[in-house]
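Listed here are the chains, written in short residue letters.
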Amino acid sequence: MSEIVTGALFMFIFKETSRNAYTNDRRDAVFKKNYERVFKMKLPHPDTVDDVLRVLPPDELETLKATLVGALFEQKLLRRFRFLGKYYFIAIDASGTHTFNRQHCPHCLTKTSKNGVTTWFHYVLEAKLVTSSGLAISLASEFVENQPGRNYEKQDCELKAFIRLAKKIKSFFPRLPVCILADGLYPNNTVFDICRQNGWKFIITLKDRALKSFTTEVNLLETTAGKRTVFRRNKTEMIQLEYRFLNNIPYDRYNYSWVCCTETKTGVSDKKHKDQKFVFITNIEQTQDIVVVTADGGRLRWKIENEGFNIQKNLGYELEHKYSRVSFVALKNYYQILQIAHIINQLVEKSCEIAELISQHSKQTVTALWKDLIAFMKTVPLLPGQLQTFLSG
Ligand SMILES: [Zn+2]
């Protein structure tokens, strides 16, 4: 089993993008020998990997992922990214993984467009730890999926999946101080209750017409809001950020805080203005001291889309590639292995060693380095013990 999982893992770590590309590398005698020398394991045939991933219960690999991530917490590697010195930002977001023009499996979700074209698809709800440095580490994943034989009128949905996802996070990381970051779909009592029961904090995007009684109260009190203004600048823009907050705003039976951040960017050369407004509801009582980190934290949520899904789809991991065309179990297993590979690569890519290689010349990129890695594996036959020399060098 170690051979199978390691083989599949390295397909993603090497950013091979398809089973075919991996099969070709495997045919390369030097690559195969190097792999076996480095990992002290056989390189399994991708078809064998596929056979196993079609029957392995997906919980197994998800538990493996949670154990690995748990070790990162234990080693205190992520402590410096905590919010208010205590909470980890956990961003929640859903993303499509696969689309088909026929029914792929009994768990497929389906929709029919206005012009009568039906598509089948899968999508997944992710809880990822996000940091200001750009890490997006998968803590738990929950597929939005139909139960076979059920009426398609009542399909599974993101909010139902969130209830299951929250249970997973709590069971994998029972004592983890969590601050949930989520988009405009999430400010509702179901989510607030789950956070309250689990002892989690949250910073959730509030859209214009959401939570009517709450926003009405906010509008009445807005002139009395606490304020703080911050100036920042980068190479091309001057940025003025105005933060405002209100506490003890009732909604249903509980009180929450309101946070608003208005950002005005002015071009250094063209003096053009660009405005953006971000509004959040949170269960963290606001003060002038913490309103900036709270709103900036809320805005970290987009990292799950960028550093998380976008990189996994478009930069080497081919999240949407149909690694398995028929099996939903295999699809889920490849997905979990991809998450683990991406965690490992993120930590490698942010290491001092890689940073040094990147800084060697202006055109050097992570993509180019990974191509070199494959080329190295294919062309430089390692002698026993030589890897240790390379690594210690
Ligand atoms: Zn399916």
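Above this note sits the structure.
Because the structure is a prediction, the values reported are computed rather than measured.

Trainee: Go over the nonpolar core with me, naming the residues and quoting the values.
Mentor: I92 and F214 are the most contacted members of the largest nonpolar core, which totals 53 residues. Here this core gets 5 residues from one element, more than from any other, and that element is helix 6 (residues 158-172). Ignoring any residue separated from it by four or fewer positions in sequence, one finds I92 in contact with L125, E126, A127, F162, L165, I169, I180, L181, A182, Y186, R301 and I304.

Trainee: Residues and numbers for the pairing of strand 4 (residues 136-144), please.
Mentor: The buried fraction of strand 4 is high, at 9 of 9 residues. Of the pairings in the sheet, the one linking strand 3 (residues 118-130) to strand 4 comprises 8 bridges and is antiparallel in character. Note on strand 4: the bridge partner recorded for V124 is F143.

Trainee: Go over the packing of helix 2 (residues 19-27) against helix 4 (residues 46-53) with me, naming the residues and quoting the values.
Mentor: Running from amino to carboxyl end, helix 2 crosses helix 4 at an angle of 135 degrees, the nearest separation of the two axes being 10 Å. Viewed along their axes, helix 2 and helix 4 adopt a mutual orientation that is oblique. Only P46, D47 and D50 of helix 4 make contact with helix 2, whose side of the interface consists of R19, Y22, T23 and R26. Among the residues forming the contact of helix 2 with helix 4, the class breakdown is 2 nonpolar, 1 polar and 4 charged.

Trainee: Describe the coordination of the zinc ion, and please don't skip the residues or the numbers.
Mentor: Within the protein, H104 (ND1), C105 (SG), C108 (SG) and H122 (NE2) serve as the donor atoms for the zinc ion, at 2.0 to 2.4 Å. Taken together, the 4 donor atoms coordinating the zinc ion span angles of 101 to 124 degrees at the metal, a pattern that classifies the geometry as tetrahedral. Motif for the zinc ion, donor spacing along one chain: H-C-x2-C-x13-H. Linking H104 in the loop between strand 1 (88-100) and strand 2 (109-112) with H122 in strand 3, this pair joins segments that are 18 residues apart in sequence. Residue H104 shares its accessibility class with H122, and that shared class is buried.

Trainee: Help me get a handle on the side chain of N188, residues and values and all.
Mentor: Position of N188 among the secondary structure elements: in the loop between strand 5 (178-182) and helix 7 (189-198). The class for N188 is buried, based on a relative accessible area of 16%. A distance of 3.0 Å separates a polar atom in the side chain of N188 from the backbone nitrogen of V191.

Trainee: Let's hear about the pattern of salt bridges: which residues, and what values?
Mentor: Under the defined criterion, the tally for this structure stands at 17 salt bridges. As a salt-bridge pair, K15 and E349 come within 2.9 Å of each other at their nearest N and O atoms. Taken together, the residues K15 in the loop between helix 1 (2-13) and helix 2 and E349 in helix 11 (residues 328-349) connect sequence positions 334 residues apart. Owing to a relative accessible area of 24%, E349 belongs among the partly exposed residues under this scheme. Between D156 and R164 there is a salt bridge whose closest N-O contact spans 2.7 Å. Judged by its relative accessible area of 12%, D156 is buried.

Trainee: With reference to specific residues and values, describe helix 11.
Mentor: Taking 1.5 Å per residue, 22 residues should reach 32 Å; helix 11 reaches 31 Å between its end C-alpha atoms and fits that length. In terms of residue burial, helix 11 counts as a mostly covered element, since 17 of its 22 residues are buried. The distance from a side-chain oxygen at the start of helix 11 to the backbone nitrogen of V329 is 3.3 Å, and the residue carrying that oxygen is S327.

Trainee: How would you explain the state of the cysteines if you had to name every residue and give the values?
Mentor: Throughout the structure, instances matching the rule amount to 0 disulfides. Its sulfur unpaired, C260 is 7.1 Å from the next cysteine sulfur, which belongs to C261. Under the relative-accessibility criterion, C260 is labelled buried at 0%.

Trainee: Go over unusual backbone geometry, please, and point to the residues and values.
Mentor: The phi torsion at L84 lies on the positive side, around 55 degrees, for a residue other than glycine. Within the secondary structure, L84 sits in the loop between helix 5 (58-74) and strand 1. Positive phi is not limited to glycine here, since D252 has a value of about 55 degrees. For D252, the position within the fold is in the loop between strand 8 (237-251) and strand 9 (254-267).

Trainee: Describe the environment of Q346, and please don't skip the residues or the numbers.
Mentor: Considering the arrangement of structural elements, one finds Q346 in helix 11. Exposure remark for Q346: the relative accessible area of 6% places this residue in the buried category. Separated by 234 residues in the primary sequence, Q346 and T112 have C-alpha atoms spaced 38 Å apart.

Criteria and thresholds
- Residues numbered from 1 in each chain as written.
- Predicted model: local features only at pLDDT ≥ 70, side-chain atom pairs only at ≥ 80, totals over all residues.
- Heavy atoms only, no water.
- Core = buried A, V, L, I, M, F, W, Y, C linked by side-chain atoms within 4.5 Å.
- Buried < 20%, exposed > 50% of the residue type's maximum accessible area, 1.4 Å probe, protein only.
- Helix = DSSP H or I, 4+ residues; strand = E, 2+ residues; numbered from the N terminus.
- Contact = heavy atoms within 4.5 Å.
- Pairing = 2+ DSSP bridges.
- Axes fitted to C-alpha atoms, helices over the stretch in contact; angles between N-to-C directions.
- Parallel < 35°, antiparallel > 145°, perpendicular 65-115°, else oblique.
- Nonpolar A, V, L, I, M, F, W, Y, C, P; charged D, E, K, R; others polar.
- Donors = N, O, S within 2.8 Å, 3.2 Å for Na, K, Ca; no water.
- Tetrahedral: all angles 85-135°; square planar, octahedral: opposite > 155°, others 65-115°.
- Polar contact = N/O pair within 3.5 Å; in protein donor to acceptor, adjacent residues only side chain to side chain.
- Salt bridge = Lys/Arg side-chain N within 4 Å of Asp/Glu carboxyl O.
- Expected span 1.5 Å × (residues − 1).
- Disulfide = S-S within 2.5 Å.

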